4 protein chains.
Amino acid sequence: METKENAHLSYLKSCIGLQASEKALSPVSKWLNAKLLEAEEGYLKVEFVVKPEWLNPFGSFHGGMAAAFMDDLIGTTVYSLGLKVQYSTINLNLDYLSFALEGDVLWAECKIVRKGIAVINAEAFIYKRKKLLVKAASNLVNTGAKAY
Amino acid sequence: METKENAHLSYLKSCIGLQASEKALSPVSKWLNAKLLEAEEGYLKVEFVVKPEWLNPFGSFHGGMAAAFMDDLIGTTVYSLGLKVQYSTINLNLDYLSFALEGDVLWAECKIVRKGIAVINAEAFIYKRKKLLVKAASNLVNTGAKAY
Amino acid sequence: METKENAHLSYLKSCIGLQASEKALSPVSKWLNAKLLEAEEGYLKVEFVVKPEWLNPFGSFHGGMAAAFMDDLIGTTVYSLGLKVQYSTINLNLDYLSFALEGDVLWAECKIVRKGIAVINAEAFIYKRKKLLVKAASNLVNTGAKAY
Amino acid sequence: METKENAHLSYLKSCIGLQASEKALSPVSKWLNAKLLEAEEGYLKVEFVVKPEWLNPFGSFHGGMAAAFMDDLIGTTVYSLGLKVQYSTINLNLDYLSFALEGDVLWAECKIVRKGIAVINAEAFIYKRKKLLVKAASNLVNTGAKAY
């Protein structure tokens with residue numbers, strides 16, 4: 001017998017195929033405007049195109065924008081768990097492995113590594129096709145505040 | 001006898017008091033639009049106001065935008081060293097200590113911790129008045145490519 | 001009027017000038033055997049000598065042993081806060097900046113950056129005289145378990 | 001046609017089934033004394049038993065010793081690549097997800113994530129059976145020094 005899907009995940013599933021600008025939860029998500037490709041409890045996959053305004057002075061995808069993407073994706077993946085309390089990010093570690101250029105179509109995924117009551121650990125990755133560009137790890141702590 | 005100031009630092013000093021949107025080196029810097037307060041070789045201090053489009057779904061300053069700021073500030077501080085080769089970010093670690101809200105005036109600083117030939121290590125901080133909000137550490141590697 | 005010193009700190013102060021092998025709280029501390037130089041609430045300073053058994057295959061101080069030192073020092077510094085609950089390490093980030101050799105006398109310090117109820121953030125450093133060798137940052141979470 | 005196995009890997013393969021105390025490359029490896037289970041180019045798997053001298057004051061496996069293990073394993077995995085130059089660890093990030101007790105049999109593995117000329121990125125994990133206890137990520141930089 002399958003567990004009933006949580007309401008957060010149902011919402012996210014209803015967004016599959018849409019750009020974040022249409023339905024996203026936060027202004028930052030809207031601005032980053034990734035397209036949601038897959039949504040499971042504790043797993044999300046998105047796609048986005050490198051915009052000219054996200055370049056660094058060397059003309060490649062700005063590491064800070066990649067960080068913004070990773071953090072936003074991790075937060076949304078924690079949301080997919082449908083938890084009753086809010087979790088707040090304690091730390092975010094990023095490793096930069098390769099570059100992307102304007103117009104490149106990138107995809108990213110996030111997985112919950114450990115869903116503890118006090119602490120959630122997540123990892124996220126940005127790829128260009130099969131090439132790994134950015135690797136992230138993050139811990140989030142239970143704030144005790146009620147989620148909505 | 002004082003060492004002659006490097007050209008990168010001279011340029012940055014000419015930007016003190018300006019918003020990044022006026023003179024910044026990259027589209028991301030322009031968009032983040034911090035005001036430069038101080039510039040020394042290996043040290044920068046900036047100020048910025050939390051915009052509504054940088055909020056997370058809980059209504060506070062998005063950790064991913066803070067990460068984008070930190071990475072951009074670190075890159076510009078490395079630029080202030082006036083080095084002849086380009087350095088590329090290997091990793092960025094962020095610790096989130098406290099929150100900020102829309103309209104808060106924040107300030108940030110970056111210091112070069114170690115200026116090695118192969119690797120540069122930097123740390124950066126975001127504050128609201130005297131309260132530390134975000135702490136970052138980053139390593140950058142010598143790419144061998146000529147800086148301009 | 002001064003706050004009464006907590007019992008954990010009093011104990012640590014009674015250990016100043018001693019090697020950890022004489023009085024330390026854990027087998028690992030005893031084995032690492034640093035000498036305690038200073039102890040305040042949320043601040044510790046220790047000294048140790050690089051032993052031959054802590055070298056890496058290149059003959060310099062093993063980064064993993066430095067990590068063990070940092071983690072142990074951070075844990076003891078959290079202990080100096082005299083808190084009523086136990087905190088458990090969530091993450092530890094280490095940056096390696098320079099090397100040490102057998103017989104080098106190193107010193108290390110740890111500072112509590114933020115003493116939150118849910119999360120404590122700490123930073124620690126290993127030096128050879130004035131030269132920074134290792135830089136660490138760590139987050140610890142409130143486990144709810146009673147401290148003793 | 002298969003590439004000829006590098007000499008470092010051949011050596012490591014000859015150590016499969018042995019404790020590190022018998023053949024390891026460094027005093028720290030010998031002291032940690034893991035048993036090598038698998039060795040491929042860029043991949044190692046080891047097993048070890050939690051000793052009483054590796055406990056923290058709460059009686060569980062000391063995070064600092066876990067860090068020492070991870071760093072040592074990562075270094076040996078880089079060695080398995082058979083490179084002509086030495087790489088030095090720039091940073092090591094550890095996430096602690098669960099605990100182990102004295103006598104627990106743990107296993108660990110390390111994978112090279114990216115084998116760049118300037119920078120190598122590696123990840124490593126400690127498990128108790130199928131339960132992930134510690135997750136590590138590390139970057140190592142080309143020192144230019146000849147490997148032996």
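Here the residue index of a chain counts from 1 through its sequence in written order. Here the convention is simple: chains get letters from A, ligands get numbers from 1, in the order in which they are written. Predicted model: local features are reported for residues with pLDDT of at least 70 only, side-chain atom pairs are reported and counted for 80 or more only, and whole-chain, interface and lining totals are derived from all residues. To obtain the side-chain values, all non-hydrogen atoms of the structure were included, while hydrogens and water were left out.

(A) Representation of the sheet that holds strand E1 (residues 35-40) of chain B in the model. Being paired, for any two strands, means DSSP has found at least two bridges between them. Under the DSSP-based scheme used, a helix requires at least four consecutive residues in state H or I and a strand at least two consecutive residues in state E, with every element numbered from the N terminus. Pairing within the open sheet is antiparallel, and its 12 strands lie in the order E1(A)-E2(A)-E4(A)-E5(A)-E6(A)-E3(A)-E3(B)-E6(B)-E5(B)-E4(B)-E2(B)-E1(B). With partners counted over all chains shown, the strands left at the sheet margins are strand E1 (35-40) of chain A together with E1 of chain B, one partner each. With strand direction ignored, the average angle separating the axes of adjacent strands in the sheet is 20 degrees. Two elements, strand E3 (residues 85-96) of chain A and strand E3 (residues 85-96) of chain B, share five bridges in a ladder whose sense is antiparallel. Across the sheet, Asn93 of chain A pairs through a bridge with Asn93 of chain B, a residue of E3 of chain B. Two residues qualify as a contact provided that any one of their heavy atoms is within 4.5 Å of a heavy atom in the partner residue. Between N-to-C directions, angles span 0 to 180 degrees; the directions come from axes that are lines fitted to C-alpha atoms, helices contributing only their stretch in contact. Against the sheet, helix H4 (residues 63-79) of chain A touches strand E2 (43-49), E3, strand E4 (105-115), strand E5 (119-128) and strand E6 (131-146) of chain A, its axis set at about 145 degrees to E3 of chain A. On top of the sheet, helix H4 (residues 63-79) of chain B reaches strand E2 (43-49), E3, strand E4 (105-115), strand E5 (119-128) and strand E6 (131-146) of chain B; it is set at about 145 degrees to E3 of chain B, its chief contact.

(B) A look at the relation of the copies chain D and chain A. Between chain D and chain A, which share one sequence, the superposing operator has a rotation angle of 180 degrees and an axial displacement of 0.0 Å; the RMSD is 0.0 Å. Read as a symmetry element, the transformation amounts to a two-fold axis. Within chain D, Asn93 of chain D has its C-alpha nearest the rotation axis, a separation of 3.9 Å. A symmetric contact is evident, with 100% of the interface residues of chain D recurring at the interface of chain A. Here the copies are superposed with least squares, the fitted atoms being C-alpha atoms of residues at a pLDDT of at least 70 in both.

(C) Summary view of the interface of chain D and chain A. With 11 residues of chain D in contact, the opposing surface of chain A contributes 11 residues. With both sides pooled, the region where chain D packs onto chain A buries about 1000 Å², and carbon together with sulfur makes up 48% of that total. The term salt bridge refers to a side-chain nitrogen of Lys or Arg lying within 4 Å of a carboxyl oxygen of Asp or Glu. Counting across the interface, chain D meets chain A through two salt bridges. N or O atoms within 3.5 Å of each other form a polar contact, as long as, within protein, one can give a hydrogen and the other can take it, and as long as residues adjacent in sequence are counted only when both atoms are side-chain atoms. Linking chain D to chain A there are eight residue pairs in polar contact (both at pLDDT 80 or more). Ranked by residues supplied to the side of chain D that touches chain A, first place goes to strand E6 (residues 131-146) of chain D with four residues. Residues belonging to the side of chain D that touches chain A are distributed by class as follows: four nonpolar, three polar and four charged. By buried area we mean how much accessible surface two parts lose on assembly, using a 1.4 Å probe and totalling the loss over both. Gly is put with the polar residues, along with every residue not named as nonpolar or charged; the nonpolar set is Ala, Val, Leu, Ile, Met, Phe, Trp, Tyr, Cys and Pro, and the charged set is Asp, Glu, Lys and Arg.

(D) Spotlight on the interface of chain A and chain B. At the interface, 33 residues of chain A touch 33 residues of chain B. Both faces combined, the contact of chain A with chain B buries some 2500 Å², and carbon together with sulfur accounts for 61% of it. Taken together, the connections running from chain A to chain B amount to zero salt bridges. At the junction of chain A with chain B, the criterion picks out 10 residue pairs in polar contact (both at pLDDT 80 or more). Going through the elements one at a time, helix H3 (27-32), H4 and E3 of chain A are the ones with two or more residues in the side of chain A that touches chain B. Among the elements that make up the side of chain A that touches chain B, the one with the highest residue count is E3 of chain A (11 residues). Per-class residue counts for the side of chain A that touches chain B are 19 nonpolar, 10 polar and four charged.

(E) Seen up close, the side chain of Asp95 of chain D. Within the secondary structure, Asp95 of chain D is located in strand E3 (residues 85-96). We call a residue buried when its accessible area falls under 20% of the maximum for its residue type, exposed when it is over 50%, and partly exposed in between, using a 1.4 Å probe and counting protein chains only. His is not counted here, nor are the chain ends, while Lys and Arg score as positive and Asp and Glu score as negative. We note that Asp95 of chain D is buried and unpaired, the nearest opposite charge coming from Lys135 of chain D at a distance of 4.5 Å. There is a polar contact of 3.1 Å between the side chain of Asp95 of chain D and the side chain of Asn121 of chain A. One polar contact links Asp95 of chain D to Asn139 of chain A, side chain to side chain, over a distance of 3.1 Å.

(F) Representation of the pattern of salt bridges in the model. The full count for this structure, using the stated rule, is 24 salt bridges over all chains. Glu5 of chain D serves as the salt-bridge partner of Lys13 of chain D, at 2.9 Å between the closest nitrogen and oxygen. Where salt bridges share partners, they join Glu5, Lys13 and Glu40 of chain A into one cluster.

(G) The nonpolar core, seen in detail. Residue types Ala, Val, Leu, Ile, Met, Phe, Trp, Tyr and Cys, when buried and joined through side-chain atoms within 4.5 Å, form a set referred to as a nonpolar core. With 86 residues, the main nonpolar core has Phe61, Leu94 and Ile126 of chain C together with Phe61, Leu94 and Ile126 of chain D as its most contacted residues. Aside from chain neighbours lying at most four places away, what touches Leu94 of chain D is Ile90, Asn91, Leu92, Asn93 and Leu94 of chain C together with Ala67, Met70, Val134, Lys135 and Ala136 of chain D. One finds Ala68, Leu106 and Val134 of chain A together with Ala108 of chain B within the second-largest nonpolar core, a separate group that totals 85 residues.

(H) Highlighting the packing of aromatic side chains. Only centres within 6.5 Å qualify two rings of Phe, Tyr or Trp (six-membered ring in Trp) as a pair; their planes then separate them into stacked at under 30 degrees, edge-to-face at over 60, and tilted for everything else. By the definition in use, this model includes 38 aromatic pairs over all chains. A centroid spacing of 4.4 Å and a plane angle of 10 degrees characterise the contact between Trp107 of chain C and Tyr127 of chain C, whose relative ring orientation is stacked. Here the residue Trp107 of chain C occupies a position in strand E4 (residues 105-115), and Tyr127 of chain C occupies one in strand E5 (residues 119-128), the gap between them amounting to 20 residues. The criterion for a charge sitting over a ring is simple: Lys NZ or Arg CZ within 6 Å of the ring centre, and within 35 degrees of the ring normal. Here the guanidinium or amino end of Lys51 of chain B rests over the ring plane of Trp31 of chain B, the centre of that ring lying 5.8 Å away. One cation-aromatic arrangement involves Lys45 of chain D over Trp107 of chain D; the distance from NZ or CZ to the ring centre is 4.6 Å.

(I) Quick look at the packing of H4 of chain A against H4 of chain B. At a closest axis distance of 7 Å, the pairing of H4 of chain A and H4 of chain B adopts a crossing angle of 165 degrees. Judged on the interaxial angle alone, H4 of chain B and H4 of chain A are roughly antiparallel. By crossing handedness, the relation of H4 of chain A to H4 of chain B is classed as right-handed. Contacts between H4 of chain A and H4 of chain B involve Gly63, Gly64, Met65, Ala67, Ala68 and Asp71 of chain A from the former and Gly63, Gly64, Met65, Ala67, Ala68 and Asp71 of chain B from the latter. Among the residues forming the contact of H4 of chain A with H4 of chain B, the class breakdown is six nonpolar, four polar and two charged. Angular relationships are summarised with four words: roughly parallel below 35 degrees, roughly antiparallel beyond 145, roughly perpendicular across 65 to 115, and oblique for the angles in between. Crossings are classed by handedness, with left-handed meaning an anticlockwise turn of the near helix from the far one by less than a right angle and right-handed meaning a clockwise turn.

(J) Structural view of the pairing of E5 of chain C. All names here are of chain C. Taking burial as the measure, the 10 residues of E5 include nine buried ones, the bulk of the element. Looking at chain direction, E4 and E5 are connected through eight bridges and run antiparallel. Within E5, the position partnered with Ala108 by the bridge is Ile126. Counted between consecutive antiparallel strands, the loop separating E4 from E5 contains three residues. Pairing geometry for E5 and strand E6 (residues 131-146), over 10 bridges, is antiparallel. Paired with Tyr127 across the strands is Leu132, a residue of E6.

These results come straight from atomic positions and should not be treated as a statement about function.
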